[in-house]
Amino acid sequence: MANLKVKFCEVEFENPLVLASGVLGVTAASLKNVVKNGAGGVTTKSIWMEEHKGHANPTMFGTEHYFLNAVGLSDAGIEKAEQLFGEYGVPGERPAPLIASIVAGQASEFAGLAERIVTLQPDVIEVNISCPNVEDEMGLPFACDPMQAAHVTEVVRKKMDEVGSKIPVVVKLSPNVPNISRIAAACADAGADGFCAINTIGPGMAIDLTTRVPILKNKVGGLSGPAIKPIAVKMVHDIWKTTGLPVIGTGGVMTGEDAIEMMMAGATLVGVGTMVYYRDVGGFGEIAAEMNEWCEKEGVKDLSEIIGTVK
Ligand SMILES: Cc1cc2nc3c(=O)[nH]c(=O)nc-3n(C[C@H](O)[C@H](O)[C@H](O)COP(=O)(O)O)c2cc1C
């Protein structure tokens, strides 16, 4: 057996596979079930300060090649999240590390949210900056502008320092930019401890040929799943090479070999989301077994040996 354990920002994970934000991450019971099925860690759905309504159904559509979703970052707010944290367990008694994803429409709101979330003691905080800045005239996501991305990072960093928190802060980046290295470098300078990449691509649209109506009620949705993996691998590599900071490589991972590829690109942890719609939640354990199989075949004793080894 190869050693699949990895350390991410000093937090230990039994294996590098972590549930990506927004998929099965709404209740403590479903997070525990993901761990029981073989995930090394879990991420909550993105948490807003207040309740946030999502889009109308249908919100998801998939083929064997890709998946579209327009869930719309629906969430019950921080109070409901407090309940989830309570049920998932306090640090030391958790089945696996818990990553708290937070989201806001204004940079200043991230400060209050970070302060509240620290009291719940997540193992890692993931700042989702892929939501449009409602104060910006253009309504562009923070993640699409280096200055805005850095500003949100700085706001959270400052709050963490103020409250004396050592919980690592990871910034989740959007692939919908011409040069992700610039965004990552700006966030690193502003105090990010690591990154998660990528969020969904697009948006994209699929049409029902009989009714000639877009399949998603929202008409368009974010693209994930198998089709986005090469873009995710490239962007993870860009971020890792530019900043040298640890990355949760996410996007299109369906198999053990996909996860190995993501780690070779520079990922320390591997985010897995859409996979559950293709292989079900049991896929986590199967992917871990496939990673082990690959390591044994290649004579790799410790998975952490392969991080960033692409030539
Ligand atoms: C149904 C669905 C809901 C999602 N919700 C969130 C979310 O709340 N916050 C977030 O940061 N990313 C969200 N994502 C993006 C995923 O976390 C991930 O970055 C993306 O889907 C690419 O990885 P994958 O191909 O493994 O799914 C969502 C993805 C899907 C498919």
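Preceding this paragraph is the structure being described.
Residues numbered from 1 in each chain as written. Predicted model: local features only at pLDDT ≥ 70, side-chain atom pairs only at ≥ 80, totals over all residues.

Asker: Honestly, unusual backbone geometry in this entry has me stumped. Any pointers?
Answerer: In this model, Asn 57 is joined to Pro 58 through a cis peptide bond whose omega is -5°. By the secondary structure assignment, Pro 58 is in the loop between β4 (41-43) and β5 (60-62). Residue Pro 203 is reached from Gly 202 by a cis peptide bond, and omega for that bond is 10°. Tracing the sequence through the fold places Pro 203 in strand β11 (residues 201-204). Despite not being glycine, Glu 10 has its phi angle at roughly 70°, a positive value. As for its position among the elements, Glu 10 is in the loop between β1 (6-8) and β2 (11-13). Overall, the presence of 10 C-beta atoms within 10 Å leaves Glu 10 in the exposed class. (Helix = DSSP H or I, 4+ residues; strand = E, 2+ residues; numbered from the N terminus. Buried ≥ 20, exposed ≤ 12 C-beta atoms within 10 Å, placed from the backbone.)

Asker: How should I be thinking about the pairing of strand β9 (residues 169-172) in this particular structure?
Answerer: Alternating positions in β9 separate into two faces, Val 169 and Val 171 on one and Val 170 and Lys 172 on the other, with burial throughout. When strand β8 (residues 124-128) meets β9, the two strands line up parallel, connected through 4 bridges. Paired with Glu 126 across the bridge in β9 is Val 170. In this view, the connection linking β8 to its parallel neighbour β9 by way of helix α4 (residues 146-162) has right-handed handedness. (Pairing = 2+ DSSP bridges. Right-handed = clockwise from strand over helix to strand, strands pointing away.)

Asker: Mind showing me how you'd approach the sheet that holds β5 here?
Answerer: In sheet architecture, strand pairing relies on hydrogen bonds along the backbone and comes in two forms, parallel and antiparallel. Judged by pairing direction, the sheet is antiparallel, and its 4 strands sit side by side in the order β5-β6-β14-β11 without closing on themselves. Pairing within the sheet leaves two strands with one partner each, and these edge strands are β5 and β11. Neighbour-to-neighbour, the strand axes of the sheet open up by a mean angle of 30°, direction not taken into account. Pairing of β5 with strand β6 (residues 67-69), which is carried by 3 bridges, proceeds in the antiparallel orientation. Residue pairing for β6: Gly 62 is matched across the bridge by Phe 67. (Axes fitted to C-alpha atoms, helices over the stretch in contact; angles between N-to-C directions.)

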